[in-house]
Amino acid sequence: MTEQSTKNKTILVIEDDAPTLQALVDTFTSEGFHVLKAKDGKKGLELALKEHPDLVLLDIIMPKMDGMTMLKKLREDEWGKDVQVVILTNLSSVEKTAEALKGRVYDYFVKTNWKLEDLVKRVKERLGVR
Amino acid sequence: MLGKKMRKNIMGGPKGTCKMLFKGIKDIIVILDKEGRIIDINSAVKKLTGFSPKEIKGHHFKELKFVNPESKGRIARYFKKRLKGLKTLPYYEIEGVAKNGRRIIAEVSATPFLRKGKIIGSLAIIRDVAKHKRVEEEIKNYQRRTESLINSSSDLIFLKDKNFRYLIANKAHEKLFNIKVEDIIGKTDFDFMPKEAAEGCRKSDAEALKSGFISREEWVGGKCFHAIKQKVVGAKGKIIGITAVIRDITERKQIEERLKKSKEFAESLIASTKDGFSILDSRGVHININEALCKMTGFSREELIGVGPPHPYWPPEEYENIQKAFKKTLRGEFKDFELIFMRKNGERFPVIVSPSWLRKEKGEVISYFATVKDITERKRIDRAKTEFVSLASHQLRTPLTNINWYSEMLLLGKAGELSNQQIKYLKEIYTANQQLIKLVNLLLNVSRIELGTLGIKPEPIDIIEIANIVLKELLPQIKNKKLKVEKNYSKKLPIINADPNIVHIVFENLLSNAVKYTPKRGRVKLLIKKQKSDVLIRVSDTGYGIPKDQQSRIFTKFFRADNIVEKEPNGTGLGLYIAKSVLEQSGGKIWFESEENKGTTFYVAIPIEEMKKKKGTKKLSI
């Protein structure tokens, strides 16, 4: 498999905590990704359906629309049903994980336990880019 | 033949009556001449002394064969003095021994015969008084015994006449009234008692005299007495007075009062307490229960007393647990047990049962009591607390993530190049934050364990891989302390079915403890080997060890041994608690051996087949 550059890849980050969102946006941008951002599930869904990113980084607890509801709606969309979704949360609940997996989530990360560096590595692996 | 003459004189009389008397009388009759020689003696002498009249006749009275020397002397004096004086003579006593050896006690009286004012002889009558003597002695002994008996009693014993004057009083009076017994006799109570007390005594004496008998308790002068008084009636119905036995029962009364009060107190306590209370016999059958236990369980007294075990409030699925606690109690292990009981409507509720023994006989417990505390509410509060911890921990994680990621970005040079000192400071921030994250994760794990929300998901894992990951994480500390780490893994280790997070947490806790609590240049050994049905993990160190007196508490939440608190102030006291909790919930086991300043060895056994699955909403945070 020929690995592509991050330049062609778009990532949508949906996260309600502004500093966390900023850290993710800055990191993935500096890695060469095209990064889109949304501060709640509702805006995130709109943006996703409009921009069709290659991967969605999704928080769970958010105002207006939480991550799980957003994911459910995303999977109802013809494009959205196959897009790669990585859950990034500070909840470590089995129930939520199970729910997330039903929504065909590819990774489930507890934010505090992950370095940005490792997170980038995993996302790159998912997208098959260097 | 003076004797014969005199005998005739004496024996003469109307129609030989004297003769008949002489022969037939039981007393010994002796006729003596004026010197005291025996002229005649009747046959009664044979019966008393065994000597026949023939053997005695002609002898001097003072030489009578059956008389003791001492008595002989008395007789001699008698003849010397008394006979000369012509007086009417009193009885005197002689003692002697019969032919057959029997002791003789007799009374002698003598009357002189006079003719023309001169003594011509005398008549002596000897009467056997041995029997009287015995009776007399017996009476004296009896009196002495009775006297010592009544004097040895601490009860007041007295006899009063019908005018309430003391005829007899025992020594007990001396102690109570501080007066000599001799000084009481002839007196009334009014002569030596305070007026009020005397009046009380007089009243009851008068009643006894009137009714014949009283037995009752009386308070006199601040003391309580039990008095039994009885009218004494002599021959022909003559009233002599009253006797009484009076016992000071003040102390007993006070003890009774105190007992009564403490019994009432205990009863009201048991009745009013919200905790259930039951008394059980040695088999565990209810003998008694309080209202609270009925209320708590919903069963009536009738449904519980005489029943069990199993008791109606034991849920069938908890029989095993409760029986275990029950057996421990019967073995004499009295400690609190946290159990699940069942109300009549089927509702399960948590309780703490505290058993203890109530009565022992010959070292055997014959009854128990147990308090039962319904801890539903306490559990609810505990739950709320744990949920709060869980929620708070989640909220904590958001800023922790930011500190983490921003320091990481700075360290990666994402905001431009940093000076060495800036890097050094940032690393401190980053490390401190990592510690904080760890602590939050620990607290979350505790809350999961305690909420019962911890899920266990066994999957095939390579146990060595997890061990090596953990050791790698600990490498900086190991190098820093120049510790020697020895790994000993058996070659044919199977792939086991276990929850990787649990295994990770167990390794992390045991290995990080070993590294943390072993001084520089010490040794840490990790052994992993297959046993029959489980994999054994052994982590041993040459560290500070666990003091013996604290070993029993080592798995207790937040507990840290004294010796390591001094050396390593950083530590939560949660690691081993979590390790033990998760292992036990998943079917594993953990135990240890330790000696202070020599080292500690922890053992963990994880079943090969499969860890116990457990539905739960939370995973362990590692």
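Because the structure is predicted, anything quoted here is derived from the model rather than measured.

1. Regarding the overall build of chain A
- Per the secondary structure count, chain A includes five helices and five strands.
- For chain A, the N- to C-terminal ordering of α and β elements is β-α-β-α-β-α-β-α-β-α.
- The buried share of chain A, taken over its 130 residues, is 54%.
- Here chain A has roughly 6200 Å² of accessible surface; of this, 48% comes from carbon and sulfur atoms.

2. Concerning the overall build of chain B
- Helices and strands together make up the secondary structure of chain B, namely 19 helices and 22 strands.
- Against the globule reference of 25 Å for 622 residues, chain B gives a C-alpha radius of gyration of 54 Å, more extended than a compact globule.
- The principal-axis extents of the C-alpha atoms in chain B amount to approximately 175 × 55 × 50 Å.
- Evaluated residue by residue, chain B yields a buried proportion of 42% over its 622 residues.
- The contacts of chain B with a sequence gap of at least 6 include a subset with a gap of at least 24, amounting to 51%.
- When the accessible surface of chain B is totalled, it reaches about 36700 Å², and 54% of it is carbon and sulfur.

3. Details of the sheet that holds strand E4 (residues 103-115) of chain B
Residue and element names in this part refer to chain B.
- Read across the open sheet, the five strands follow the order E2-E1-E5-E4-E3; overall the sheet is antiparallel. Every other strand in the sheet has two partners, leaving strand E2 (38-41) and strand E3 (92-97) as the edge strands with one partner each. Going across the sheet, the axis of each strand differs from the next one's by a mean of 30°, ignoring polarity.
- Of the pairings in the sheet, the one linking E3 to E4 comprises six bridges and is antiparallel in character. Bridging from a neighbouring strand, Glu95 pairs with Ile105 of E4.

4. A look at a nonpolar patch on the surface
- Among the surface-exposed residues, Leu167, Ile168 and Ile240 of chain B lie close enough to one another that they form a single nonpolar patch of about 230 Å² accessible area.
- Structurally, the position occupied by Ile240 of chain B is in strand E10 (residues 239-248).

5. Thoughts on the confidence of the model for chain A
- In the predicted model, chain A carries a mean pLDDT of 83, and the fraction of residues at 70 or more is 85%.
- The spread of mean pLDDT over the elements of chain A runs between helix H4 (residues 94-102) of chain A, the lowest at 58, and strand E1 (residues 10-14) of chain A, the highest at 94.

6. Thoughts on the pattern of salt bridges
- Under the counting rule described, the total for this entry stands at 40 salt bridges over all chains.
- Note that Lys81 of chain A and Glu78 of chain A form a salt bridge whose closest N and O atoms lie 2.9 Å from each other.
- Classification of Lys81 of chain A as partly exposed rests on a relative accessible area of 29%.
- Judged by relative accessible area, which is 60%, Glu78 of chain A ranks as exposed.
- Between Lys253 of chain B and Glu256 of chain B there is a salt bridge, with the nearest N and O atoms lying 3.6 Å from each other. In this pair, Lys253 of chain B and Glu256 of chain B both sit in helix H10 (residues 250-272), three residues apart, roughly one turn of the helix.
- Look at the salt bridges and you will find they share partners, linking Lys160, Asp189, Asp205 and Lys229 of chain B into a network.

7. Notes on the nonpolar core
Residues and elements named next belong to chain B.
- Counting 54 residues, the largest nonpolar core has Ile463, Phe507, Leu526, Ile528 and Ile606 as its most contacted members.
- Top contributing element to this core by residue count: helix H17 (residues 500-516), with nine residues.
- With 24 residues, the next largest nonpolar core counts Ile28, Leu32, Ala44 and Ile75 among its residues.

8. Quick word on the packing of H17 of chain B against helix H19 (residues 575-585) of chain B
Residues and elements named next belong to chain B.
- With their axes 9 Å apart at the nearest point, H17 and H19 run at an angle of 145° to one another. Our pair here, H17 against H19, has a crossing hand that is left-handed. Mapping the contact onto sequence places Ile502, Ile505, Val506, Asn509, Leu510 and Asn513 in H17 and Gly575, Leu576, Ile578, Ala579, Val582 and Leu583 in H19.

9. Regarding the sheet that holds strand E6 (residues 156-161) of chain B
Residue and element names in this part refer to chain B.
- Strand order in the open sheet made by the five strands is E7-E6-E10-E9-E8, with antiparallel pairing throughout. Lying at the two open borders of the sheet, with one neighbouring strand each, are strand E7 (166-169) and strand E8 (213-220). Pairs of neighbouring strands in the sheet enclose a mean axial angle of 20°, with direction left out of account.
- Looking at chain direction, E8 and strand E9 (residues 223-233) are connected through eight bridges and run antiparallel. Paired with Arg216 across the bridge in E9 is Ala227.
- The sheet contacts of helix H9 (residues 195-211) involve E6, E8, E9 and E10, and relative to E8 the element is tilted by about 170°.

10. Remarks on helix H16 (residues 463-480) of chain B
Residue and element names in this part refer to chain B.
- If you check H16, its first and last C-alpha atoms are 26 Å apart, about what 18 residues at 1.5 Å a residue would give, namely 26 Å.
- For H16, the principal kink sits at Leu474 and spans about 55°; a proline, Pro476, occurs within the next four residues.
- By the burial criterion, the buried members of H16 are Ile463, Ile464, Ile466, Ala467, Val470, Leu471, Leu474 and Ile478.

11. Overview of the packing of aromatic side chains
Residues and elements named next belong to chain B.
- In total, this model carries 13 aromatic pairs over all chains according to the counting rule given.
- Here the aromatic rings of Tyr166 and Phe192 are separated by 5.7 Å at their centres, their planes lie at 50°, and the arrangement is tilted. With a gap of 26 residues between them, Tyr166 in strand E7 and Phe192 in the loop between helix H8 (181-184) and H9 connect regions that are remote in the sequence. In this structure, Tyr166 and Phe192 share a single accessibility class: buried.
- Each residue in the set Phe158, Tyr166, Phe177 and Phe192 is aromatic and connected to the rest through ring pairs, giving one cluster.

12. Re the state of the cysteines
- Inspection of the entire model under this criterion finds zero disulfides over all chains.
- Cys224 of chain B forms no disulfide, and the closest cysteine sulfur to it belongs to Cys201 of chain B, at a distance of 13 Å.

13. Description of the domain arrangement of chain B
- For chain B, the assigned domains are domain 1 (2-134), domain 2 (153-253), domain 3 (273-374), domain 4 (379-451) and domain 5 (459-607).
- Computed over C-alpha atoms, the centres of domain 3 of chain B and domain 4 of chain B are 47 Å apart.

14. Focus on the environment of Gly222 of chain B
- Position of Gly222 of chain B among the secondary structure elements: in the loop between E8 and E9.
- Between the alpha carbons of Gly222 of chain B and Thr250 of chain B there is a distance of 8.5 Å; along the sequence they are 28 residues apart.

15. Some words on the pairing of strand E21 (residues 589-595) of chain B
Residues and elements named next belong to chain B.
- With burial as the criterion, only one face of E21 is covered, namely that bearing Ile590, Phe592 and Ser594; the residues Lys589, Trp591, Glu593 and Glu595 on the opposite face remain uncovered.
- Two elements, E21 and strand E22 (residues 599-607), share seven bridges in a ladder whose sense is antiparallel. Bridged to Ser594 within E22 is Thr600.
- Connecting the antiparallel pair E21 and E22 is a turn made up of three residues, with Asn597 showing a positive phi of about 65°.

16. Structural notes on the packing of helix H15 (residues 420-451) of chain B against H19 of chain B
All names here are of chain B.
- Contact geometry of H15 with H19 gives a least axis separation of 10 Å together with a crossing angle of 40°. Viewed along their axes, H15 and H19 adopt a mutual orientation that is oblique. Every pair of crossing elements has a handedness; the one defined by H15 and H19 is left-handed. Along its contact with H15, which presents Leu442, Asn445, Val446, Ile449 and Glu450, the element H19 presents Tyr577, Ile578, Ser581, Val582 and Gln585.

17. Topic: unusual backbone geometry
Residue and element names in this part refer to chain B.
- Phi is positive for Phe164, which is not a glycine, with a value near 70°.
- By the element assignment, Phe164 lies in the loop between E6 and E7.
- Phi angles above zero are rare outside glycine, and Asn597 is one such case at about 65°.
- Judged by relative accessible area, which is 59%, Asn597 ranks as exposed.

Definitions and limits used
- Residues numbered from 1 in each chain as written.
- Chains lettered and ligands numbered in written order.
- Predicted model: local features only at pLDDT ≥ 70, side-chain atom pairs only at ≥ 80, totals over all residues.
- Heavy atoms only, no water.
- Helix = DSSP H or I, 4+ residues; strand = E, 2+ residues; numbered from the N terminus.
- Buried < 20%, exposed > 50% of the residue type's maximum accessible area, 1.4 Å probe, protein only.
- Areas by Shrake-Rupley, 256 points an atom, 1.4 Å probe, with all protein chains shown as cover.
- Rg over C-alpha atoms; globule rule 2.2 N^0.38 Å.
- Contact = heavy atoms within 4.5 Å.
- Pairing = 2+ DSSP bridges.
- Axes fitted to C-alpha atoms, helices over the stretch in contact; angles between N-to-C directions.
- Patch = residues over 30% accessible without salt bridge, like charges linked within 9 Å, V, L, I, M, F, W, Y side chains within 5 Å.
- Salt bridge = Lys/Arg side-chain N within 4 Å of Asp/Glu carboxyl O.
- pLDDT = per-residue confidence, 0-100.
- Core = buried A, V, L, I, M, F, W, Y, C linked by side-chain atoms within 4.5 Å.
- Left-handed = near helix turned anticlockwise from the far one by under 90°.
- Expected span 1.5 Å × (residues − 1).
- Bend = angle between axes of the 7 residues up to and from the residue.
- Phe/Tyr/Trp six-rings, centres within 6.5 Å; stacked < 30°, edge-to-face > 60°.
- Disulfide = S-S within 2.5 Å.
- Domains from an automatic or database assignment.
- Parallel < 35°, antiparallel > 145°, perpendicular 65-115°, else oblique.

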